[in-house]
Amino acid sequence: MSTPIHRTSTRQSAAVLTSAQQRREGSRTGSSSARSTEHALLAMQSRAGNRATTAAVQRARDTARDPARDTARDTERDRAAENGGASAGAKKNYRDRIAALLDRFKKNLEPIDTFIKGFQTPTNAAFTQQAAVSANEGLKHSTAASGTSAASGNLLTEAAGTVVSGMDAYKNMKDAKKHEAGANHHTAKKKAKTKGADAVVGAANSGSYSAAIAKEVTKVQKAADAAVASEASGIAGASIGAIKGMRSAFRVGGAARKYKQVKNLGDPHLVHAGSLARLNESREQAGWAAAEAYVALDAYWGHDGPERLELVSEAIDAAWESMGEARDAAESLQRAEKDVEKLSTVQGYAKKKQLTKMGKETVSGGGESTKAAAGIVTAVAAGTVGLASNPVGWGLAGAGAGLVLGVTMYKALRAATKRYEEVHHPERWAPKGETPAEAASRKESLKHALKFWKKVSKGERQAMAREIYALAAGPDISGSGSTTAEMRESARSLLIALKSGPAKHKLEPEAWVETLNDPAKTGDWIQEIAEQLASG
C-alpha cells in the first residue's frame, strides 16, 4: 500500500526538479550555480526520504514475517489451550500478528521520521524563506515537492503509531478489567491511559501532517487557495504543538511530585540510625555474654569437686548458646547495614529517574511549544502577506526541531548503550541466584545495540525494581525473611511514593501487604515497580 505513495512522490519531485532545471538553463542568470546546489539538495532530501521509507517498509515486512508470526502463533496456541476456545485463539492470533507487524513497521520508520523532523523540515523552511525573498518560482516548487515528501513520511509514521497505540490501549483496558485489583490492574490501567492519550495525540498529529501535505501540494500546483491551505496548516501545526507542550508540562509536574515524595522519605542512614544503634548495642551485649560464658567455662575446668564434669558440660552449653546469639546479632546488624545501603541506592535511583524525566520533558515540551509558535507565525504570514515567509517562522521551526531532535538522539543513545551492556555484561544486572547468560562479543553486542526496536529486559531499572521488592516483600518471599520491620516499612513507604500503594491498586492496606508476601505475584510486582520508576 505504501509503495505507490512513495513512487508517486518520487516522480512528482523529479518532474518539478526537471522543469526547474529547464527554466534555469533558459535564463542563465549569474546565480545559477547556487540555485543548482539548492535544487540538488532538495532533490537529494526527497529521494533519500522516499528510498529510506520504502526500504523500511520492505524491512518491516521481511522481519515481521518470521519472528513476529512465530511469536504470535506460539502465543495463540498457549492461550487457546488455556481458554479451550479455538475461535477465540484465532482472533487473538490475528490481532497479535497485526499489532506485531505495525509495531515493527513503526519502529523501522522512526529513524527516518527523526531525520525528516530534525533536518529535512527545517531545511525546507529555510529554502522556503529564501525562495519567498528572491521570488524564485523554481525554488518554491522544489521546496514544495520536498515538503510533500517530508510530510508524507511523517504522516506514515504517525498513522502507524496511532493505530499501534490504539490497539495497546484497548488491550490494556481489557487487562485492567480482567484484573480488578492489584499490581496487574494498576500497570494495565496506567498503560491504557498513556496509550489512549498517545492515540488521541497521534490522530491529531496525523491531521496536522495531512494539512501540511495539502499546503505543499497547492504550492506545487500553483493553486489559487494556496494561502488558505498554508494558513490552515499553520493553525494545525500550532494546535498540535501546543497540545504536546501542555502534555509535557503535565508530565514534568507528575515527575516533580513523585521526586518530592521520594525525597520527603529522608536519608535512610539518618532515618534508621536509631535502629542500627539498637542492633549494634544488642551485638555488643551478646558479645559480652559470650565472653563471660567462656570465662565461666575456664573457671569450671579448674574446679576439683565431684560435680566438675556436670558444671563443665553446662558451661559449654551456655558458651555455645551465647556464641550463637552473638553471631545472630552480628549478622542482623550486618544485614540491616546492607539493607540501609540498598534503600539509599534505590531511593537515589528513583530521584535520578524523575529528575531525568523532568529534564527530557522540559526540553521536549519547549521544542514543541517553539514549533507551535512557528505554526502561528506561518498562519499569520499566510493570512496577511500571502505565501511570503519570514526569518522568524523558519528560525522558530529550526529551533523547535533542534530541541526535539536533541531529546530523541539522547533517548536513542541511552537505549543503545543499555542494549549493549545487557548482552556484553549480563552479569552486571543479573538477578541474584540466577546464572548469567554468556557474555556476547563486542561485535555481537554492537549489533544488538543497533536493534532499536528491541526493549531492554535485564537492565539497571529492572535490577532496582527487584531490590525494592526484596526490601518491601514479606517473610514468605525468598531472601526477604531477615529484613527488619523498620526496613520493610520504609521500603513500603517508597512504594507508596512511587504511586504503587494500596489506593492505586484498589486494595485495603492488609490485602496490599498480602500481595507483597505472595510468591506467585513476585513477577507482577517487579514489573509494576519497574514501570513506576520510569514514569512520572
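Reading the values: the criteria
Residues numbered from 1 in each chain as written. Predicted model: local features only at pLDDT ≥ 70, side-chain atom pairs only at ≥ 80, totals over all residues. Heavy atoms only, no water. 1 Å grid on protein atoms, 1.4 Å probe; cavity = no way out; pocket = protein on both sides within 12 Å on 5 of 7 lines; lining within 4 Å. Points joined across faces, edges and corners; volume = space filled by probe spheres on them. Helix = DSSP H or I, 4+ residues; strand = E, 2+ residues; numbered from the N terminus. Axes fitted to C-alpha atoms, helices over the stretch in contact; angles between N-to-C directions. Parallel < 35°, antiparallel > 145°, perpendicular 65-115°, else oblique. Left-handed = near helix turned anticlockwise from the far one by under 90°. Contact = heavy atoms within 4.5 Å. Buried < 20%, exposed > 50% of the residue type's maximum accessible area, 1.4 Å probe, protein only. Arc of directions from axis to C-beta. Core = buried A, V, L, I, M, F, W, Y, C linked by side-chain atoms within 4.5 Å.

Draft legend 1. Spotlight on the layout of surface pockets. Estimated volume of the second largest pocket: approximately 550 Å³. As for the second largest pocket, its lining consists of 25 residues, and the residues nearest its centre are Lys-342, Lys-432, Arg-466, Glu-467 and Ala-470. When residues of the lining of the second largest pocket are traced back to their parent elements, those giving at least two are α9 (308-385), α12 (460-472) and α15 (522-534). Examining the composition of the lining of the second largest pocket, we find that seven residues originate from one element, α12, more than from any other.

Draft legend 2. Region of interest: the packing of α12 against helix α13 (residues 485-497). Look at α12 against α13: their axes get within 7 Å of each other, and the N-to-C directions meet at 130 degrees. Viewed along their axes, α12 and α13 adopt a mutual orientation that is oblique. Considering the relative orientation of α12 and α13, their crossing is left-handed. Taken together, the residues of α13 that come into contact with α12 (itself represented by Ile-468, Leu-471 and Ala-472) are Met-487, Arg-488, Ala-491, Arg-492, Leu-494 and Leu-495.

Draft legend 3. Structural detail: unusual backbone geometry. Not every positive phi belongs to a glycine, and Lys-499 is a case in point at roughly 65 degrees. Mapped onto the secondary structure, Lys-499 falls in the loop between α13 and α14 (509-516). Residue Lys-499 is classed as partly exposed on the basis of its relative accessible area of 21%. The backbone of Lys-506 sits at a positive phi, close to 60 degrees, despite the residue not being glycine.

Draft legend 4. Representation of the environment of Ala-290 in the model. Among the structural elements, Ala-290 can be located in helix α8 (residues 273-301). The residues contacting Ala-290, other than those within four sequence positions of it, are Ser-322, Met-323 and Ala-326.

Draft legend 5. Here's a closer look at α14. Taken together, the buried positions of α14 are occupied by Trp-512, Thr-515 and Leu-516. Buried positions in α14, seen along its axis, are confined to an arc of 105 degrees and lie on one side of it. Summarising the geometry of α14, the exposed residues directed more than 90 degrees from the buried face are Glu-510 and Glu-514. Where the residues of α14 are buried, they touch α12, α13 and α15.

Draft legend 6. Seen up close, helix α11 (residues 442-449). Along α11, the residues that are buried comprise Ser-445, His-448 and Ala-449. End-on, the buried residues of α11 take up no more than an arc of 100 degrees, which puts them together on one face.

Draft legend 7. Focus on the nonpolar core. One finds Ile-468, Tyr-469, Leu-495, Trp-525, Ile-529 and Leu-533 to be the most contacted residues of the largest nonpolar core, which totals 31 residues. Each residue touching Tyr-469, except ones within four places of it in the same chain, is listed here: Ile-477, Leu-516, Asp-518, Thr-522, Trp-525, Ile-526 and Ile-529.

Draft legend 8. Highlighting the environment of Ala-415. Structurally, the position occupied by Ala-415 is in helix α10 (residues 391-424). Assessed through its relative accessible area of 25%, Ala-415 is described here as partly exposed. As for Ala-415 and Val-456, which are separated by 41 residues in sequence, their C-alpha atoms are 7.7 Å apart.

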